[in-house]
Amino acid sequence: MDSGFNDDFLEKELFGGDDDGLDGASMDVDDMMLTGQSVVAVEADLASATAAADAVAAAAGNGVPEDDGRARLERSRELHTAKLDIAMDDPPGELTLLQHPPRAQVGLADGVQGCSTFEVTPTMALVNPWQIYTVTATPNMRWLFTGGEDGYIKKWDFNATVNGKQLLTLGQRHSLVDSIAKAGVIASYWDHTDVVEGGVEMLSPVYSMAVHSQALWLVSGMKSGHIGLWSVRHDEGRRISLLSKHKKPVSVLRISPDEYGLVSGSWDRAVLYWDLNTGRLARGFAGHTSQISSIEFQPWSCEQYEAHLRSESVGGAEFDAQTTGPVLMTTSIDGQCLLWDVRAPKALPHPLDTPKKTPPWATSACWSRDGKRIYVGRRNNSVDEYEFGAGSLPVRTLRLPLNSGPVTALAAMANGRHLVCASADNVRVWDLEQPVERRSTVPFQVIPGHHGGTISSVFIDESSRYMLTPSGNRGWDGTSNGNNLGYELTPIN
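Now for a quick tour of the structure.

What counts, and where the lines are drawn
Residues numbered from 1 in each chain as written. Predicted model: local features only at pLDDT ≥ 70, side-chain atom pairs only at ≥ 80, totals over all residues. Heavy atoms only, no water. Helix = DSSP H or I, 4+ residues; strand = E, 2+ residues; numbered from the N terminus. Buried < 20%, exposed > 50% of the residue type's maximum accessible area, 1.4 Å probe, protein only. Contact = heavy atoms within 4.5 Å. Areas by Shrake-Rupley, 256 points an atom, 1.4 Å probe, with all protein chains shown as cover. Phe/Tyr/Trp six-rings, centres within 6.5 Å; stacked < 30°, edge-to-face > 60°. Pairing = 2+ DSSP bridges. Axes fitted to C-alpha atoms, helices over the stretch in contact; angles between N-to-C directions. Polar contact = N/O pair within 3.5 Å; in protein donor to acceptor, adjacent residues only side chain to side chain.

### Description of the overall build of the chain
Right, so step 1: Along the chain, the regular secondary structure elements total seven helices and 31 strands.
Right, so step 2: Taking all 493 residues of the chain together, the buried fraction comes to 54%.
Right, so step 3: Partitioning the intrachain contacts of the chain with sequence separation of at least 6 by distance along the chain shows that 59% fall at a separation of at least 24.
Right, so step 4: With an accessible surface of roughly 21700 Å², the chain has 49% of that area assigned to carbon and sulfur atoms.

Written as structure tokens, this is what we have:
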């Protein structure tokens, strides 16, 4: 089955087609893949090379395979020499996450906690002929927002949609499963305009979005690298401000748990923390060598915030189960997955290693609901599972059928037992308590609805009553089936 991904395109995008200014040093993609090096590692000086040899020898003396020790050292050198090509604000903004408690979460629906499985039923289709790059919603699921390649932000009345106020026509239902009858109800939409060179305004694809919990405002990522701040509740669709630091499309936006900060990731390889009270940069995260594909905060509760206030630790790059500070996970499309302690502005990130014989690729990663495990989707029909604070290698790998295609989106379910995996052929719900070695039982259920096409994200609301799976390639490579399906989740004990 053709997954829709072009190898030549991905190789160019993974390792960068721009001139990185290495003073004549050059290395092609094949050499990079064989050595595990990246462009920033080539700039290491003689002293670093000597330290590298000593460290590899020491690793071998401690029983660590020489190849593993050398590869780990190369990654350390990459992270140490990586720098942001972005001017930081002076004075900087505030790391709001350390100053304010997280907002209260919406309670789980009855029966979700500890349920043995879910009945996942597709019932809604939000008709959109264009590829949908991003979807976000208020925590109570009152308003839903979508954006994509057409350059418009659409606001949907989700209550009216789930209650069946508008039904699909027979023509619209023709290609869908029988249970899908409800049509999405659009409340409003507005132009996603950007200010380009010369002060000219033009439509920009919506690469990413995040909305305030009370729908007071919304942020969106633009092709130019700007981040738009839009009014939603009052004077809807008015652009309040443009945050201008990134130089390429802003592929990921995440509002901090306290809702006073914003983290952005871009195709320019930069991850930035913004203070929304002032519009200033509070911190830059330098370490990625390719386009940023996902950003997720570790689940952060009021109890953890209070423990952080009592702790005297200033953070660092090593994590364990007793870590009290907020942790940020970022991935890039070349397969890198880095963990950052937000408290330590100068500490190197903790990298999660890609297993051997695994293609360097990742567009999605997520935390388990308790924050103890991390899941990273790979191109070779697999999901790597890591245990937080227990080393850099995955504790196991979940392997999907060989013809399923790349895993483009992931989301953990609230009962702590199931993981939603979206790949090129279908959407699956994986039972994490099923041993991956057992072949007598199938450890996942296939969810009807999508078949073929790239899923841009899997969105599950905080109460775990609804799920959304929009189709789109997020500006990279892949095909779309033109569907944005909504599901109703019913817990089964």
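### Considering the packing of aromatic side chains
Right, so step 1: In the structure shown here, the tally under the stated rule is nine aromatic pairs.
Right, so step 2: With 6.0 Å between their ring centres and 15° between their planes, tryptophan 267 and tryptophan 476 make a pair best called stacked. With tryptophan 267 in the loop between strand 14 (261-266) and strand 15 (271-275) and tryptophan 476 in the loop between strand 30 (466-470) and strand 31 (484-492), this pair connects stretches of sequence that are 209 residues apart.
Right, so step 3: You can call tryptophan 476 buried: its relative accessible area is 8%.
Right, so step 4: For the ring pair tryptophan 367 and phenylalanine 388, a centre distance of 5.6 Å and an interplane angle of 65° mean the geometry is edge-to-face. Note that tryptophan 367 is positioned in strand 21 (residues 365-367) and phenylalanine 388 in the loop between strand 23 (382-387) and strand 24 (396-399), a separation of 21 residues in sequence. Taken individually, tryptophan 367 and phenylalanine 388 each receive the classification buried, so the pair is uniform in this respect.

### A word on the sheet that holds strand 22 (residues 373-377)
Note: strands within a sheet are paired through backbone hydrogen bonds, in either parallel or antiparallel orientation.
Right, so step 1: Sheet architecture is open: four strands sit in the order 21-22-23-24, paired in antiparallel fashion. With one partner strand each, in any of the chains shown, strand 21 and strand 24 form the two edges of the open sheet. Direction aside, neighbouring strands of the sheet carry axes that sit 20° apart on average.
Right, so step 2: Note that strand 23 and strand 24 share four bridges and pair antiparallel. By the bridge assignment, serine 382 is partnered in strand 24 with arginine 399.

### Observations regarding the side chain of lysine 154
Right, so step 1: As for its position among the elements, lysine 154 is in strand 4 (residues 152-157).
Right, so step 2: Separated by 2.5 Å, the side chains of lysine 154 and aspartate 150 make a polar contact.
Right, so step 3: For lysine 154, the contacting residues outside a window of four places in its chain are Asn128, Leu144, Phe145, Thr146, Ile186, Ser188 and Tyr189.

### Regarding unusual backbone geometry
Right, so step 1: The residue after aspartate 90, namely proline 91, is reached through a cis peptide bond having omega 0°.
Right, so step 2: Residue placement: proline 91 occurs in the loop between helix 4 (66-81) and strand 1 (117-125).
Right, so step 3: Despite not being glycine, lysine 357 has its phi angle at roughly 65°, a positive value.
Right, so step 4: Structurally, lysine 357 can be placed in the loop between strand 20 (350-351) and strand 21.
Right, so step 5: Judged by relative accessible area, which is 86%, lysine 357 ranks as exposed.
Right, so step 6: Even without a glycine there, the phi angle at arginine 474 is positive, about 60°.
Right, so step 7: Tracing the chain through its elements places arginine 474 in the loop between strand 30 and strand 31.

### Digging into the environment of glycine 325
Right, so step 1: Considering the arrangement of structural elements, one finds glycine 325 in the loop between helix 7 (302-310) and strand 18 (327-332).
Right, so step 2: Separated by 15 residues in sequence, glycine 325 and tryptophan 340 place their C-alpha atoms 10.0 Å apart.
Right, so step 3: What glycine 325 contacts, discounting residues up to four positions off in sequence, is Trp300 and Arg343.

### Concerning the environment of proline 122
Right, so step 1: Structurally, the position occupied by proline 122 is in strand 1.
Right, so step 2: Here proline 122 falls in the buried class, since its relative accessible area comes to 2%.
Right, so step 3: Remark: the alpha-carbon pair of proline 122 and serine 179, spanning 57 residues in sequence, is separated by 6.2 Å.
Right, so step 4: Proline 122 has contacts with Val177, Ser179, Ile180, Pro448, Gly486 and Tyr487, leaving out every residue within four places of it along the chain.

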